[in-house]
Amino acid sequence: MENQIVLDSNTFKDAHLNGVALKIHTYPDSVLSKVAKPVEVFDSKLIELCRNMLFTMYHAPGIGLAAPQIGISQRIVVIDINYKRDKITNADDSETIKLSEFEPLVLINPVIKSQEGSIDYEEGCLSVPGVYEKVNRKQSIKVEYQNIYGEKCTLDATDLLAICIQHETDHLNGIVFIERLSLLKMKFFKNKMIKEKKLMQNE
Ligand code: CO
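(A) Representation of helix H3 (residues 183–202). Taking 1.5 Å per residue, 20 residues should reach 28 Å; H3 reaches 29 Å between its end C-alpha atoms and fits that length. Restricting attention to buried positions, one finds in H3 the residues Met186, Phe189 and Met193. Seen along its axis, H3 keeps its buried residues to an arc of 70 degrees; they face one direction. Exposed and facing more than 90 degrees away from the buried side of H3 are Leu183, Leu184, Phe188, Lys195, Lys198, Leu199 and Asn202.

Written as C-alpha coordinates, this is what we have:
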(Lines give C-alpha, C1' and ligand atoms only; values in the text may rest on other atoms or scores of the structure.)
Protein backbone atom coordinates (compact mmCIF):
# COMPACT_ATOMS: atom_id res chain seq x y z
CA MET A 1 0.00 0.00 0.00
CA GLU A 2 1.36 3.39 -1.00
CA ASN A 3 0.31 6.54 0.81
CA GLN A 4 1.29 10.10 -0.01
CA ILE A 5 2.48 11.95 3.08
CA VAL A 6 1.20 10.26 6.19
CA LEU A 7 1.61 12.41 9.25
CA ASP A 8 1.05 10.43 12.42
CA SER A 9 -0.63 13.41 13.96
CA ASN A 10 -3.47 11.44 15.55
CA THR A 11 -1.37 8.70 17.09
CA PHE A 12 1.14 11.11 18.54
CA LYS A 13 -0.68 14.42 18.90
CA ASP A 14 -0.33 14.33 22.70
CA ALA A 15 3.27 13.03 22.67
CA HIS A 16 4.51 16.31 24.16
CA LEU A 17 2.37 15.60 27.25
CA ASN A 18 2.53 11.85 27.68
CA GLY A 19 5.96 10.40 27.40
CA VAL A 20 9.22 9.69 29.13
CA ALA A 21 12.32 11.86 28.68
CA LEU A 22 15.08 9.56 27.49
CA LYS A 23 18.81 10.13 27.97
CA ILE A 24 20.40 11.69 24.89
CA HIS A 25 23.81 10.26 24.00
CA THR A 26 26.38 12.85 23.03
CA TYR A 27 29.20 12.77 20.48
CA PRO A 28 31.52 10.83 20.30
CA ASP A 29 29.53 8.09 22.09
CA SER A 30 30.05 4.84 20.10
CA VAL A 31 26.31 4.24 19.52
CA LEU A 32 26.29 7.36 17.30
CA SER A 33 28.81 5.86 14.88
CA LYS A 34 27.02 2.52 14.38
CA VAL A 35 24.88 1.73 11.34
CA ALA A 36 21.41 1.19 12.81
CA LYS A 37 19.36 -1.96 12.11
CA PRO A 38 16.03 -1.93 10.24
CA VAL A 39 12.85 -2.17 12.31
CA GLU A 40 11.08 -5.45 11.61
CA VAL A 41 8.43 -5.64 14.33
CA PHE A 42 5.65 -3.04 14.38
CA ASP A 43 3.99 -3.39 17.77
CA SER A 44 2.87 -1.41 20.81
CA LYS A 45 6.48 -1.29 22.08
CA LEU A 46 7.50 0.57 18.91
CA ILE A 47 4.63 3.05 19.39
CA GLU A 48 5.73 3.64 22.97
CA LEU A 49 9.36 4.15 21.90
CA CYS A 50 8.35 6.67 19.20
CA ARG A 51 6.13 8.50 21.68
CA ASN A 52 9.01 8.75 24.16
CA MET A 53 11.36 9.90 21.40
CA LEU A 54 8.91 12.67 20.44
CA PHE A 55 8.49 13.67 24.10
CA THR A 56 12.29 13.80 24.48
CA MET A 57 12.64 15.86 21.28
CA TYR A 58 9.92 18.36 22.23
CA HIS A 59 11.36 18.98 25.66
CA ALA A 60 15.05 19.05 24.68
CA PRO A 61 13.97 21.03 22.56
CA GLY A 62 14.84 19.96 19.03
CA ILE A 63 13.18 19.48 15.64
CA GLY A 64 14.43 15.93 15.04
CA LEU A 65 15.71 12.90 16.88
CA ALA A 66 17.03 9.55 15.66
CA ALA A 67 16.93 6.38 17.78
CA PRO A 68 20.76 6.03 18.01
CA GLN A 69 20.75 9.35 19.87
CA ILE A 70 18.86 7.70 22.72
CA GLY A 71 21.12 4.65 22.57
CA ILE A 72 18.90 2.43 20.39
CA SER A 73 20.56 1.33 17.17
CA GLN A 74 17.38 1.05 15.07
CA ARG A 75 16.24 2.90 11.95
CA ILE A 76 13.68 5.22 13.60
CA VAL A 77 13.43 8.99 13.17
CA VAL A 78 11.01 11.48 14.71
CA ILE A 79 10.64 15.03 13.37
CA ASP A 80 8.54 18.12 13.96
CA ILE A 81 9.79 21.28 12.26
CA ASN A 82 6.62 23.30 12.83
CA TYR A 83 5.71 23.33 16.52
CA LYS A 84 5.66 26.60 18.41
CA ARG A 85 7.50 27.39 21.61
CA ASP A 86 6.24 30.44 23.48
CA LYS A 87 7.91 31.79 26.59
CA ILE A 88 5.36 32.68 29.24
CA THR A 89 6.37 34.87 32.18
CA ASN A 90 4.61 33.77 35.36
CA ALA A 91 3.37 36.04 38.18
CA ASP A 92 6.56 35.29 40.15
CA ASP A 93 8.73 36.26 37.13
CA SER A 94 9.71 32.64 36.45
CA GLU A 95 9.37 31.48 32.85
CA THR A 96 7.46 28.57 31.39
CA ILE A 97 7.76 27.36 27.81
CA LYS A 98 4.38 26.60 26.25
CA LEU A 99 4.44 24.19 23.30
CA SER A 100 1.68 24.18 20.65
CA GLU A 101 0.75 23.39 17.01
CA PHE A 102 2.29 19.96 16.73
CA GLU A 103 2.94 18.11 13.47
CA PRO A 104 4.80 14.99 14.59
CA LEU A 105 6.30 12.89 11.83
CA VAL A 106 7.59 9.38 12.49
CA LEU A 107 9.76 7.74 9.83
CA ILE A 108 10.62 4.07 10.22
CA ASN A 109 13.29 2.60 7.92
CA PRO A 110 13.53 5.79 5.82
CA VAL A 111 15.38 5.63 2.51
CA ILE A 112 16.16 8.70 0.41
CA LYS A 113 15.23 7.61 -3.13
CA SER A 114 16.05 10.77 -5.05
CA GLN A 115 17.53 14.13 -4.28
CA GLU A 116 18.31 17.37 -6.07
CA GLY A 117 19.44 20.94 -5.61
CA SER A 118 21.74 22.36 -2.99
CA ILE A 119 21.15 24.32 0.19
CA ASP A 120 23.37 25.56 3.03
CA TYR A 121 21.87 25.68 6.50
CA GLU A 122 23.27 26.21 9.97
CA GLU A 123 22.58 22.91 11.73
CA GLY A 124 22.69 21.89 15.33
CA CYS A 125 22.24 18.50 17.01
CA LEU A 126 21.01 17.40 20.43
CA SER A 127 24.01 15.04 20.52
CA VAL A 128 26.47 17.90 19.92
CA PRO A 129 25.14 20.58 22.29
CA GLY A 130 26.27 24.15 21.70
CA VAL A 131 27.66 23.57 18.19
CA TYR A 132 26.00 25.21 15.17
CA GLU A 133 27.67 25.02 11.77
CA LYS A 134 26.67 25.44 8.13
CA VAL A 135 26.24 22.15 6.30
CA ASN A 136 25.54 21.67 2.59
CA ARG A 137 22.54 19.43 1.86
CA LYS A 138 20.22 18.58 -1.02
CA GLN A 139 17.38 21.09 -1.34
CA SER A 140 14.68 18.58 -2.22
CA ILE A 141 14.36 14.86 -1.62
CA LYS A 142 11.95 11.98 -2.05
CA VAL A 143 11.97 9.60 0.89
CA GLU A 144 10.36 6.19 1.26
CA TYR A 145 9.62 4.99 4.77
CA GLN A 146 7.20 2.96 6.84
CA ASN A 147 4.77 4.57 9.21
CA ILE A 148 4.16 3.35 12.76
CA TYR A 149 1.80 0.66 11.40
CA GLY A 150 4.40 -0.68 8.97
CA GLU A 151 2.64 0.78 5.91
CA LYS A 152 4.87 1.96 3.05
CA CYS A 153 4.73 5.72 2.50
CA THR A 154 6.51 8.28 0.36
CA LEU A 155 7.20 11.88 1.20
CA ASP A 156 8.46 14.73 -0.96
CA ALA A 157 10.34 17.18 1.22
CA THR A 158 12.04 20.49 0.53
CA ASP A 159 14.12 23.02 2.47
CA LEU A 160 14.09 22.62 6.28
CA LEU A 161 12.15 19.33 6.24
CA ALA A 162 14.51 17.92 3.61
CA ILE A 163 17.53 19.12 5.62
CA CYS A 164 16.15 17.60 8.81
CA ILE A 165 15.44 14.21 7.16
CA GLN A 166 18.99 14.13 5.71
CA HIS A 167 20.48 15.02 9.13
CA GLU A 168 18.44 12.29 10.87
CA THR A 169 19.02 9.58 8.24
CA ASP A 170 22.73 10.39 8.59
CA HIS A 171 22.37 9.40 12.27
CA LEU A 172 20.95 6.02 11.16
CA ASN A 173 24.09 5.54 9.08
CA GLY A 174 26.42 6.41 11.95
CA ILE A 175 27.15 9.95 10.75
CA VAL A 176 26.94 13.01 13.00
CA PHE A 177 26.64 16.41 11.23
CA ILE A 178 30.05 17.67 12.33
CA GLU A 179 31.55 14.81 10.29
CA ARG A 180 30.20 16.61 7.21
CA LEU A 181 32.41 19.63 7.96
CA SER A 182 36.07 20.02 7.05
CA LEU A 183 38.41 17.55 8.77
CA LEU A 184 39.93 20.43 10.74
CA LYS A 185 36.57 21.63 12.07
CA MET A 186 35.43 18.08 12.79
CA LYS A 187 38.55 17.39 14.87
CA PHE A 188 38.16 20.72 16.69
CA PHE A 189 34.55 19.96 17.72
CA LYS A 190 35.36 16.34 18.58
CA ASN A 191 38.13 17.47 20.94
CA LYS A 192 35.82 20.13 22.40
CA MET A 193 33.16 17.49 23.14
CA ILE A 194 35.71 15.10 24.68
CA LYS A 195 37.06 17.89 26.92
CA GLU A 196 33.57 18.90 28.04
CA LYS A 197 32.70 15.28 28.84
CA LYS A 198 35.84 14.94 30.98
CA LEU A 199 35.00 18.15 32.84
CA MET A 200 31.49 16.85 33.53
CA GLN A 201 32.83 13.53 34.83
CA ASN A 202 35.18 15.36 37.22
CA GLU A 203 32.44 17.53 38.69
CO1 CO B 1 21.41 15.20 15.24
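(B) Quick peek at the packing of aromatic side chains. Following the criterion strictly, the structure yields four aromatic pairs and no others. Summarising the aromatic geometry, the rings of tyrosine 58 and tyrosine 83 are spaced 4.7 Å apart at their centres and angled 90 degrees between planes, so their arrangement reads as edge-to-face. Of this pair, tyrosine 58 sits in helix H1 (residues 44–59) while tyrosine 83 sits in the loop between strand E3 (76–79) and strand E4 (84–89), placing them 25 residues apart in sequence. For the residue pair tyrosine 58 and tyrosine 83, the accessibility class agrees, reading buried in each case. Taken together, Tyr58, Tyr83 and Phe102 form an aromatic cluster joined through their ring pairs.

(C) The coordination of the cobalt ion, seen in detail. All of the protein donors around the cobalt ion are Cys125 (SG), His167 (NE2) and His171 (NE2); their distances to the metal are 2.1 to 2.2 Å. Along the chain, the residues that donate to the cobalt ion are spaced as C-x41-H-x3-H. A residue pair is termed long-range when its members are at least 10 positions apart, and cysteine 125 in the loop between strand E7 (119–123) and strand E8 (133–137) and histidine 171 in helix H2 (residues 159–172) qualify at 46 residues. Relative accessible area serves as the criterion here: at 10%, cysteine 125 is assigned to the buried category.

(D) Just the pattern of salt bridges, in detail. Applying the stated rule across the entire model yields nine salt bridges. Measuring nitrogen to oxygen at the nearest pair gives 4.0 Å for the salt bridge that ties glutamate 95 to lysine 87. Here glutamate 95 and lysine 87 have matching classes, each one exposed. The salt bridge involving arginine 180 is made with aspartate 170; its shortest N-O contact spans 2.7 Å. With arginine 180 in the loop between H2 and H3 and aspartate 170 in helix H2, this residue pair connects regions lying ten residues apart in the sequence. For aspartate 170, a relative accessible area of 7% puts it in the buried group. Overlapping salt bridges bring together Glu123, Arg137, Asp170 and Arg180 as one network.

Each value, and the rule that gives it
Residues numbered from 1 in each chain as written. Predicted model: local features only at pLDDT ≥ 70, side-chain atom pairs only at ≥ 80, totals over all residues. Heavy atoms only, no water. Helix = DSSP H or I, 4+ residues; strand = E, 2+ residues; numbered from the N terminus. Expected span 1.5 Å × (residues − 1). Buried < 20%, exposed > 50% of the residue type's maximum accessible area, 1.4 Å probe, protein only. Arc of directions from axis to C-beta. Phe/Tyr/Trp six-rings, centres within 6.5 Å; stacked < 30°, edge-to-face > 60°. Donors = N, O, S within 2.8 Å, 3.2 Å for Na, K, Ca; no water. Salt bridge = Lys/Arg side-chain N within 4 Å of Asp/Glu carboxyl O.

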